[in-house]
Amino acid sequence: MIYINEEKINNLLVDTAKADSQALDIILDKAKSLKRLSLAESAALLMVTDPEYIKKIFAAASFVKDAIYGRRVVLFAPLYISNLCANACLYCAFKSDNRLIKRKALTVSEIKAQTEWLLRRGHKRILMVCGEEAPLGQTNIDYYVDAVNSIYEAEVGKNKVKRVNVNCAPLNVEEFKKLKNSGIGTYQIFQETYHQATYLQMHPKGPKSDPDNRIEAVDRAFLAGIDDIGIGALYGLYDYKFETLGLLSHVEHMEEKFKVGPHTISVPRIEPAEGAELSFNPPYKISDEEFKKIVAVLRLSVPYTGIIMSTRETAEMRDLLLSLGVSQISAESSTSPGGYCAEDAKKAGGQFSLGDHRSLDQVVGSLIAHDYIPSFCAACYRMERTGEVFMRLAKPGTIKGKCSMNALVTLKEYLDDFASFKVKEEGYKMIARYFKQLDAPDQKRLKLFFAHVDSGIRDEYV
Ligand code: SAM
Ligand code: SF4
């Protein structure tokens, strides 16, 4: 696979297995000074098995998470618009040869209705997701653009979607330009596995069977002007240490070629998917302990990249992973096109089963109970703090102050408009607590924002 040197990764995993505690301490000290780690340093941390030392890695990851992101956690919901797919990924229910699921591509008015349902729950950030149809199918780039437009057009009272991120198949540069012009935030694409032989085995047919075309999609998106890119690996297909170093090699490639790393990294674990046998018994099933280590090592290796955790994971696991580095989570998700508000009989098949079925209100309540500030903010994207500009701001930690303020404004908006009585009560207490921590000029500014929210204004940010 281009950009991925398998021999180098395998050698690093062998060489760093011998790292002693003195060498590991030096790596953790470097990480705690918020410096990006080298591939060899990340490999050394991944090879650690001593439980006592793993505790040290977790403590360092919590430290870095807190230093850069503070207590805020960004919330979003996926919106599946189509499950038509020409590929045959062995782990996914949308694979073309799966006859067990009902297929559907939503119309623009259905997409708008789904978005309005999400807006009524309180969501403001949407991840649009779809299968990959054969070229010239009905779900082509024009369909994607119409879908993005209809999500932005949806309105419930004064609430509108602030940011649409997209997870879709690789496009060419012209198509990416169209997607960019539709106003998307992040373009997400997961390489699934960075191990060539596994990739070929898992993707036996369809356009996705070419691993180089997939990895190069990131480069084409950059060339088209999309500079917020999300990458990821689907954990469970191959050895997790190799995959994590593959992901980090991909980051290095992006940094070298485009001077900016990924905006986010996703770490999906394979979940059971109807009609996709492999998903019930993944070849390299990851234990919870290994998964925690993956998140912690990523947090330490690329401190300024957001880490996304979906509702594939259980509520308990997600709460735990927040302390190790996760900065964005989805809530109240459905992986079926039309899954939010269609009658059951009309719902299309879902992509995989979920581990966390809590409502957005329950997730917000749980975040508050764990002293995390739920945030619905999209200010960076709207102020064009993306790509290199975002990285420059994020690196010295200056984004943190702005983020905390924006998070508190969006939390107040959520509490006023959507929260249950109990969540409102705890949420207002949280706002009062964090308000006290701000300096006088910020307190003055925030008071003004809050007065605006009280008067009915929505969507203000710094
Ligand atoms: N179809 C496009 C593609 O494959 O890039 C875009 C979206 S696909 C619906 C989103 C992601 O879901 C895939 O990249 C894959 O990592 C993940 N996925 C597929 N099957 C899964 C499963 N059984 N469990 C967890 N994640 C899965
Ligand atoms: Fe299609 Fe994407 Fe599922 Fe593969 S992962 S079958 S490309 S929807």
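Residues numbered from 1 in each chain as written. Chains lettered and ligands numbered in written order. Predicted model: local features only at pLDDT ≥ 70, side-chain atom pairs only at ≥ 80, totals over all residues. Heavy atoms only, no water.

Peer 1: What should I look at first to understand the overall build of the protein in this one?
Peer 2: For the protein, the helix and strand inventory stands at 18 helices and 11 strands. Its C-alpha atoms give the protein a radius of gyration of 21 Å, near enough to 23 Å, the size a compact globule of 462 residues would have. Along the first, second and third principal axes, the C-alpha atoms of the protein reach 60 × 55 × 40 Å. Counting over 462 residues, the protein shows a buried share of 60%. The long-range fraction of contacts in the protein, counting pairs at least 24 apart against all pairs at least 6 apart in sequence, stands at 76%. Of the accessible surface of the protein, which amounts to about 18,000 Å², a share of 53% is contributed by carbon and sulfur atoms. One way to put it: in the protein the 61 positive side-chain charges average out to a point 5 Å from where the 60 negative ones average out. (Helix = DSSP H or I, 4+ residues; strand = E, 2+ residues; numbered from the N terminus. Rg over C-alpha atoms; globule rule 2.2 N^0.38 Å. Buried < 20%, exposed > 50% of the residue type's maximum accessible area, 1.4 Å probe, protein only. Contact = heavy atoms within 4.5 Å. Areas by Shrake-Rupley, 256 points an atom, 1.4 Å probe, with all protein chains shown as cover. Lys, Arg positive; Asp, Glu negative; His and termini not counted. Charge placed at Lys NZ, Arg CZ, Asp CG, Glu CD.)

Peer 1: Is there a simple way to think about the layout of surface pockets in this case?
Peer 2: Over the atoms rolls a probe the size of a water molecule, and in doing so it shows where empty space is left. In this model, the largest pocket occupies a volume close to 360 Å³. Every residue lining the largest pocket is counted, 18 residues in all, and those nearest its centre are E133, P135, P170, L171 and E175. Among the elements of the structure, α6 (141–153) and α9 (211–223) are those that each provide at least two residues to the lining of the largest pocket. For the lining of the largest pocket, the residue count by class is 9 nonpolar, 5 polar and 4 charged. (1 Å grid on protein atoms, 1.4 Å probe; cavity = no way out; pocket = protein on both sides within 12 Å on 5 of 7 lines; lining within 4 Å. Points joined across faces, edges and corners; volume = space filled by probe spheres on them. Nonpolar A, V, L, I, M, F, W, Y, C, P; charged D, E, K, R; others polar.)

Peer 1: Please explain the site of ligand 2 as it appears in this structure.
Peer 2: The local shell around ligand 2 consists of C85, N87, C89, C92, F94, K95, G131, K208 and Q351. When atom positions are compared with the pocket grids, ligand 2 is found to occupy the largest cavity. Its residues assigned to classes, the shell around ligand 2 shows 4 nonpolar, 3 polar and 2 charged. (Near = heavy atom within 4 Å. Sits in = over half its atoms within 2 Å of the grid points.)

Peer 1: When you look at the site of ligand 1 in this model, what are you seeing that I'm missing?
Peer 2: Around ligand 1, the surrounding shell holds 19 residues, and the nearest of these are Y91, E192, K208, R214 and E271. Take R214: an N or O atom from its side chain is 2.6 Å from an oxygen atom of ligand 1. In the complex, the protein chains occlude 96% of the 560 Å² of accessible area that ligand 1 would expose alone. Using a 2 Å cut-off from the grid points, one finds that ligand 1 occupies the largest cavity. The set of elements that each furnish at least two residues to the shell around ligand 1 consists of β2 (125–130) and β6 (187–192). (Polar contact = N/O pair within 3.5 Å; in protein donor to acceptor, adjacent residues only side chain to side chain.)

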